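# Close look at the chain arrangement
Read off the chains here:
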There are 2 protein chains.
Amino acid sequence: MPELRHNVLTREWVIIATERAKRPQEFVKVRRSKEERLSFDPKCPFCPGNEAMTPPATLVIPDDGAWKVRVTPNKFAALSYGGERLRSFEGIRRTMTGVGIHEVIVETPDHSKSTALLEDRQVETILDTYLNRFNFASADPRVEQVTIFKNHGVAAGTSLEHPHSQIIGAPVITSQLRDRLINALKHFDEYGECIFCRVLNVELQEQTRIVMETEHFVSFVQFATLTPFSMLIMPRRHMACFSEISDAEAADLAHILRRTLAKLYHGLNDPDFNYTVRTAPRESCGVKYFHWYVSIIPRLTRVAGFELGSGMFINTSLPEEDAAFLRAAAVHA
Amino acid sequence: MPELRHNVLTREWVIIATERAKRPQEFVKVRRSKEERLSFDPKCPFCPGNEAMTPPATLVIPDDGAWKVRVTPNKFAALSYGGERLRSFEGIRRTMTGVGIHEVIVETPDHSKSTALLEDRQVETILDTYLNRFNFASADPRVEQVTIFKNHGVAAGTSLEHPHSQIIGAPVITSQLRDRLINALKHFDEYGECIFCRVLNVELQEQTRIVMETEHFVSFVQFATLTPFSMLIMPRRHMACFSEISDAEAADLAHILRRTLAKLYHGLNDPDFNYTVRTAPRESCGVKYFHWYVSIIPRLTRVAGFELGSGMFINTSLPEEDAAFLRAAAVHA
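Everything numeric here is computed off the predicted structure, so don't read it as measured data.

Thresholds, definitions, all that
Residues numbered from 1 in each chain as written. Chains lettered and ligands numbered in written order. Predicted model: local features only at pLDDT ≥ 70, side-chain atom pairs only at ≥ 80, totals over all residues. Helix = DSSP H or I, 4+ residues; strand = E, 2+ residues; numbered from the N terminus. Buried ≥ 20, exposed ≤ 12 C-beta atoms within 10 Å, placed from the backbone. Contact = placed C-beta atoms within 7 Å. Nonpolar A, V, L, I, M, F, W, Y, C, P; charged D, E, K, R; others polar. Pairing = 2+ DSSP bridges. Axes fitted to C-alpha atoms, helices over the stretch in contact; angles between N-to-C directions. Least-squares fit on C-alpha atoms with pLDDT ≥ 70 in both. pLDDT = per-residue confidence, 0-100. Parallel < 35°, antiparallel > 145°, perpendicular 65-115°, else oblique. Left-handed = near helix turned anticlockwise from the far one by under 90°. Expected span 1.5 Å × (residues − 1). Arc of directions from axis to C-beta.

When helices and strands are counted, chain A shows 6 helices and 15 strands. With respect to the principal axes defined by its C-alpha atoms, chain A has extents near 60 × 55 × 40 Å. Taken across its 333 residues, chain A has 49% of its residues classed as buried. When contacts within chain A are restricted to residue pairs at least 6 apart in sequence, long-range pairs at least 24 apart make up 71% of them.

Our next topic: the interface of chain A and chain B. Interface size is often expressed as the accessible area that is lost when the parts come together. Counting from both sides, the interface comprises 61 residues of chain A and, opposite them, 62 residues of chain B. Among the residues making up the side of chain A that touches chain B, the classes are represented as 30 nonpolar, 20 polar and 11 charged. Relative to strand 1 (residues 3-7) of chain B, strand 6 (residues 93-97) of chain A runs antiparallel, the two sharing 3 bridges. What sits directly across from T97(A), in strand 1 of chain B, is E3(B).

The next thing to look at is the sheet that holds strand 7 (residues 101-106) of chain B. Residues and elements named next belong to chain B. The sheet built from 10 strands is open, its strands ordered 3-4-7-9-8-13-14-12-11-10 with antiparallel pairing. Where the open sheet ends on each side, the last strands, each with one partner, are strand 3 (59-63) and strand 10 (210-213). Strand after strand, the sheet turns through a mean of 15° between neighbouring axes, direction not considered. Sheet topology note: the strand 4 (residues 66-73)/strand 7 ladder contains 4 bridges and is antiparallel. Within strand 7, the residue paired with R70 across the bridge is V106. Running at roughly 30° to strand 4, helix 1 (residues 120-139) makes contact with strand 3, strand 4, strand 7, strand 8 (145-152) and strand 9 (164-170) of the sheet.

Residue and element names in this part refer to chain B. Most of strand 12 (residues 231-235) sits inside the fold, with 5 of its 5 residues counted as buried. Alternating residues of strand 12 divide into M231, I233 and P235 and L232 and M234, and every residue in both groups is buried. In this structure, strand 11 (residues 217-220) lies alongside strand 12, joined through 4 bridges in antiparallel fashion. The residue bridging F220 from the neighbouring strand is L232, located in strand 12. Looking at chain direction, strand 12 and strand 14 (residues 293-298) are connected through 3 bridges and run antiparallel. In the sheet register, M231 faces strand 14, and the bridge partner there is I296.

With an RMSD of 0.0 Å, the fit of chain A onto chain B corresponds to turning through 180° and sliding 0.0 Å along the axis. Expressed as an axis order, the relation between the two copies is that of a two-fold axis. Both copies contact each other with a shared surface, as 100% of the interface residues of chain A are interface residues in chain B too.

With that settled, the discussion passes to the sheet that holds strand 4 (residues 66-73) of chain A. Residue and element names in this part refer to chain A. Reading across from one edge, 3-4-7-9-8-13-14-12-11-10 is the order of the 10 strands in this open sheet, with antiparallel pairing throughout. With partners counted over all chains shown, the strands left at the sheet margins are strand 3 (59-63) and strand 10 (210-213), one partner each. Along the sheet, successive strands turn relative to each other by an average axial angle of 15°, direction set aside.

Attention now goes to the confidence of the model for chain A. A low pLDDT score tells you not to read the predicted coordinates there in detail. Chain-level statistics for chain A give a pLDDT mean of 95 and a share of 98% at 70 or above. What the predictor reports for the complex is a pTM of 0.96 with an ipTM of 0.95.

Residue and element names in this part refer to chain B. At R11, a residue that is not glycine, the phi angle is positive and equals roughly 65°. Take R11: it is sitting in the loop between strand 1 and strand 2 (12-16). When the 16 C-beta atoms within 10 Å are taken as the criterion, R11 is described as partly exposed. Phi angles above zero are rare outside glycine, and F229 is one such case at about 65°. Along the chain, F229 falls in the loop between strand 11 and strand 12.

Now for the packing of helix 1 of chain B against helix 4 (residues 247-268) of chain B. Residue and element names in this part refer to chain B. One way to put it is that helix 1 packs onto helix 4 with a least axis distance of 8 Å and a crossing angle of 120°. Looking at the two axes, helix 1 sits oblique to helix 4. Note on packing geometry: the crossing formed by helix 1 with helix 4 is right-handed. Contacts from D120, V123, E124, L127, D128 and L131 in helix 1 reach A250, A251, L253, A254, H255, L257 and R258 in helix 4.

Now for the environment of H102(B). All names here are of chain B. With respect to the secondary-structure elements, H102 resides in strand 7. On the neighbour-count criterion, H102 (24 C-beta atoms within 10 Å) is buried. When the C-alpha positions of H102 and H291 are compared, they lie 24 Å apart, and in sequence the two are 189 residues distant. If near-sequence neighbours (up to four positions away) are discounted, H102 is found in contact with P73, N74, A77, A78, L79 and I168.

Before going further, it helps to spend a moment on helix 1 of chain B. Relative to the 28 Å expected for 20 residues at 1.5 Å per residue, helix 1 of chain B spans 29 Å between its end C-alpha atoms, a close match to the ideal helical length. Where helix 1 of chain B is concerned, the buried positions are Q122(B), V123(B), E124(B), I126(B), L127(B), T129(B), Y130(B), R133(B), F134(B), A137(B) and S138(B).

Moving on, we come to helix 3 (residues 195-206) of chain B. All names here are of chain B. Between its terminal C-alpha atoms helix 3 stretches 16 Å, which fits the 16 Å expected from 12 residues at 1.5 Å a residue. Restricting attention to buried positions, one finds in helix 3 the residues I195, F196, V199, L200 and E203. Projected down its long axis, helix 3 shows its buried positions confined to an angular sector of 140°, all on one face. For helix 3, the secondary structure elements touched by its buried residues are helix 2 (175-191), strand 10, strand 11 and strand 12. Looking one or two residues past helix 3, Q207 carries a phi angle of roughly 60°, positive in sign.

What follows deals with the environment of M212(B). All names here are of chain B. Position of M212 relative to the elements: it lies in strand 10. Note on M212: 20 C-beta atoms within 10 Å, which makes it buried. Residues M212 and H111, 101 residues apart in the sequence, show an inter-C-alpha distance of 28 Å. The contact partners of M212, leaving out residues within four places of it in the chain, are S219, I256, R259 and T260.

Pasting the structure below:
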């Protein structure tokens, strides 16, 4: 019989298709042909030498006359850098000027070197850059919510192969984030504990959905995860905001992020995926009830009418099997 | 400058990319080759003569020795027909047996005749069938929330070409539906009006996002719609539940649903889409604050990391332009 599981962090119910679940191997991506991977593409705006194809850089991490990581405003920014945040409320018609920050973080000069294949030190430089731009965007008085995210592959919403992430500083807190903050706050009020710390402790006790553990972080498949092979990377230490991370923790996160992605890369043959940093907003840094983490979402299935129409997902894999598969996946480094 | 708009029905903010928005024409689907459309496929489980390939029918609408519409349990049901609804709560581990109803409604014997190309009377038969199965699922004491939905095309989550819809009766109310019910209830408590009726009245006054009007229904693009060409078909009369529809209204809905879908079909060259019936749950039928409707979601863009990580959408088209384009789209019937 299928099993419904409740996600205590998001209050979503998910149907785990226990009987008809696919085996992890069935999610391995089949390559259409031998894809040639070029380290340089003369038409790519993110490749070295093509810097003029993007807006001027806002941050460059140098590397012997070249660069390691490069940040520019998004050429097709969703929000405008200039202008004031102005609201207009007339009855049910509520609008705001679309102002904020939208930057692209080019993660490596190499056109086709996925995060999974980089050196730990390069991933550390990427994370340092995230932190720098997170603080930059958070400092903008028009910005309320900062989202760091990566789109890898067409199914994840990008057609640009060159490894890059993005950061958007939006002028409002979304109802999704606000609902999760309130949910966590109520749990704290009722139980006197951070619900995220509790989830992490339960996962560490049960040990059935852990993918990897390091000194400061744990990557695991959630008990009630919505889609196959989705994972969280959660810091062991309680911190509400990403910006509270220490240098030692950032170095450790680089290691676990790269290796967790490498398990996906080698285990499922480089699937398309998104990841995003989920954090409390600036005003709530330091609170006892919220806890930041990285969410990794492989794009192996499609959202259909049931999910859109009900808000409930059907997961066609077993979280425990997904985790066991990824634990066993060989990482060549 | 981009514009942020607030969706008062869902409390979501959406970024309308006013400057870099695509023109409606840019969303027209390009066909890869001349696709041959067969009215019968010998391997299709939904084609006449292949009835043995599905579980036994639960409802058949006869047509001169053949059938017009046929309903069967889903062969790969997400929920189990048998068994009790049992909950288990141990701390943050909350589960339930996956029991409920999951049926497939085969909409026509013709293998490739989209809803857009059917006769109004056939669509009326489909809607009558929805009503029958909605009432059947709602009557199951284990069922709390019933979702009717259709997946059309691969991007919408189906690989089966033969026109069909599905109905799922789930054993819980999702937090998404509950949040929307509470949001509407609060609006009623504060303003003494149904927020959906209000939205409909504003749309009828402004006349800039209407796609089509009939005696009993209006199809329109929402002011703060999340994705290109998404539409609602809303009844003019206040009704919380789909099951409150009258015969005359059902006939009228068949007409506006088919013609609205035909505008998509002819205007955008048969795009993949989902539609779903959004309704109050059984226990809330008759309430003054909620209002059922049909939501049509063409699958023209992909959800990427920003949407997943923030809950905020970027709509790369203008609702007013989308509506004007669809109003003008010719319908050959």
